[in-house]
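In case you want the letters, here they are:
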Amino acid sequence: MTPVQTSKMSNFRWIICLLLFLATTINYMDRQVLSLTWKDFIAPEFHWTDANYGTITAYFSIFYAVANLFAGKFIDWMGTKKGYLIAIFVWSLGACLHAGCGWVAMKMEGYHSIAELGQLTGDAAVALATISMYLFLSCRMVLALGEAGNFPAAIKVTAEYFPKKDRAFSTSIFNSGASVGALAAPATIPLLARAWGWEMAFVIIGVLGFVWMGLWMWLYEKPHKSKHVNQAELNYIEQDTDIAEVQDKQEAKEEKTISFWKCFTYKQTWSFIVGKLLTDGVWWFFLFWAPAYFSDQFGYTSDSTMGILLIFTLYAIVTLLSIGGGYLPTYFVEKKGMNPYQGRMRAMLIFACFPLLGLLAQPMGAYSAWWPAIIIGLLGAGHQAWSANLFSTIGDMFPKSTIATITGIGAMAGGIGSYLINLGSGNFFDWAAKHSLATDPQGAFQFFGFDGKPAAYMVVFCICAVAYLIGWCIMKALVPKYKPIVVE
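Residues numbered from 1 in each chain as written. Predicted model: local features only at pLDDT ≥ 70, side-chain atom pairs only at ≥ 80, totals over all residues. Heavy atoms only, no water.

Enquirer: I tried to follow the packing of aromatic side chains on my own but got confused; where do I start?
Expert: Think of a pair of aromatic rings as described by two things: how far the centres are apart, and how the planes are tilted against each other in angle. According to the stated counting rule, one finds 47 aromatic pairs in the structure shown. Aromatic side chains Phe151 and Phe391 sit 5.5 Å apart centroid to centroid with 10° between the ring planes, which places their arrangement in the stacked category. You can see Phe151 sitting in helix α7 (residues 150–161) and its partner Phe391 sitting in helix α18 (residues 370–397), a full 240 residues away along the chain. Overall, the relative accessible area of 4% leaves Phe391 in the buried class. Summarising the aromatic geometry, the rings of Tyr266 and Phe398 are spaced 6.4 Å apart at their centres and angled 85° between planes, so their arrangement reads as edge-to-face. Here Tyr266, found in the loop between α12 (243–247) and α13 (267–298), pairs with Phe398, found in the loop between α18 and α19 (400–433); they are 132 residues apart in sequence, far enough to count as distant. Judged by relative accessible area, Phe398 falls into the buried class, the value being 5%. Members of the aromatic cluster, connected to one another through ring pairs, are Phe285, Phe286, Tyr293, Phe294, Phe298, Phe428, Phe429, Trp431, Phe445, Tyr457 and Phe461. One cation-aromatic arrangement involves Arg140 over Phe60; the distance from NZ or CZ to the ring centre is 5.1 Å. (Phe/Tyr/Trp six-rings, centres within 6.5 Å; stacked < 30°, edge-to-face > 60°. Helix = DSSP H or I, 4+ residues; strand = E, 2+ residues; numbered from the N terminus. Buried < 20%, exposed > 50% of the residue type's maximum accessible area, 1.4 Å probe, protein only. Lys NZ or Arg CZ within 6 Å of the ring centre and 35° of its normal.)

Put into structure tokens, the structure is as follows:
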């Protein structure tokens, strides 16, 4: 009897999946520190306006999108172990650097203490706001540069450690770190800022990334090199590998990669780009605007007990329901005999219907604020399940050597979509607020029985609701059947 038959399969791949989950959680928490501290802690000190903060977030989105374009190629070039280490080091450093912006601004403007900054008025206050804005923007660019590497690296690791039928499930687990980070951030960051100052909030959350680096260096190796992966688990991981490739594994040459520009010649690449462009912005819209929505529509500020409970409930629903979404393609593959791509697209069609609930969020809000919170939570869960399967379509179609590159290209498209919907929504909301029945009866903006800003929210909710079905239809038209790319 062989060792494979007598030894129980190890499950180290799930430890690696846990590390990916932790990295994604830290990623999202680092990104949210500024959004949760600027209004109550940073703005009074530096005299920021909404325009100052809007400039920072807008350029962060663009820089993040551009960085994603090259992050995947960087991960493919450096490899997952070194590439991931470098990425999280850069974004953790960027997070911690925010804490020094006040001191640098004070020195550059010639003041003797940070306490003086909050007392400034007139041109001095405007000058301080401008220079501090650019200092924070510089730190955000460092943060964006590192954070762009998270998803390309994580997707590549998933392809290394999981067979195709399990990739959507494992991806949904680590991808849920996004919602867990979104859940943990408002419950911790404002409290840290209030207890020890906003500077320490950046430092404490940033240091978590350096702790993760130690775990990664200790635990990660490729499956065939890892002492924690036995032969039974390795066979399970490599079940999709061709028999001839297994036999020649020791002598096999490194897999050929696809050049960056050649990636754009494949319909499979454009299918992924469309899926990310049309849907990533929906997630970011609700992440950025949900607190403002509950404040505008129901009067519950983000620091009120009710406001915190609504946001917590929303992301709790996202977290609990999204993980199970990754199992659906496995069911279609194992129980229905579909190929991985066919099963994944069937699952994605189901998940694309979840956001249609968004059409009810605004009307149901007339009864209680809890209804929009629950509905948006279900929409978010559908997005996370959709996103997990969308990421996994890359592993279905492209060779492992190109996975991170395609992921980076798609993430860039998602970043552009996020920039457009958030910038457009902000301007739209301002315009609609000036054209309500109360302020402009003759030229009031009305939509589905709502007027002014509530009508604008209804319009954006409608766009978010149908984006996934439109994206799925275009993806299916571009790649109607399973067609993996073979590099000659």
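Enquirer: I'm lost on a nonpolar patch on the surface in this one. Help?
Expert: Together, Leu277, Leu278, Leu356, Leu357, Leu359, Leu360, Ile416, Leu420, Val466, Ile470 and Ile474 line one region of the surface with nonpolar side chains, adding up to about 790 Å² of accessible area. Mapped onto the nonpolar patch, the elements with two or more residues apiece are α13, α17 (358–364), α19 and α20 (453–478). Counting residues per element, the nonpolar patch draws most heavily on α20, which supplies three residues. By the secondary structure assignment, Leu420 is in helix α19. (Patch = residues over 30% accessible without salt bridge, like charges linked within 9 Å, V, L, I, M, F, W, Y side chains within 5 Å. Areas by Shrake-Rupley, 256 points an atom, 1.4 Å probe, with all protein chains shown as cover. Salt bridge = Lys/Arg side-chain N within 4 Å of Asp/Glu carboxyl O.)

Enquirer: When you look at the packing of helix α4 (residues 80–97) against helix α6 (residues 122–147) in this model, what are you seeing that I'm missing?
Expert: The packing of two helices is summarised by the inter-axis angle and the distance between the axes. At a minimum axis distance of 7 Å, the contact between α4 and α6 shows a crossing angle of 160°. By the angle between their axes, α4 is roughly antiparallel relative to α6. Along this stretch, α4 crosses α6, giving a crossing that reads as left-handed. Where α4 approaches α6, its residues Ala87, Val90, Trp91, Gly94, Ala95 and Leu97 are matched on the opposing element by Cys139, Val142, Leu143, Leu145, Gly146 and Glu147. Each residue belonging to the contact of α4 with α6 can be placed in one class, and the counts come to nine nonpolar, two polar and one charged. (Axes fitted to C-alpha atoms, helices over the stretch in contact; angles between N-to-C directions. Parallel < 35°, antiparallel > 145°, perpendicular 65-115°, else oblique. Left-handed = near helix turned anticlockwise from the far one by under 90°. Contact = heavy atoms within 4.5 Å. Nonpolar A, V, L, I, M, F, W, Y, C, P; charged D, E, K, R; others polar.)

Enquirer: I tried to follow unusual backbone geometry on my own but got confused; where do I start?
Expert: Trans peptide bonds make up most of the peptide bonds, and negative phi angles are found at most residues other than glycine. The phi angle at His47 is positive, at roughly 65°, despite the residue not being glycine. Turning to its location among the elements, His47 is positioned in the loop between α2 (12–46) and α3 (50–78). One non-glycine residue, Phe448, lies in positive phi territory at about 50°. Positionally, Phe448 belongs in the loop between β1 (446–447) and β2 (450–451). Phe448 gets classed as exposed once you look at its relative accessible area, which sits at 62%.

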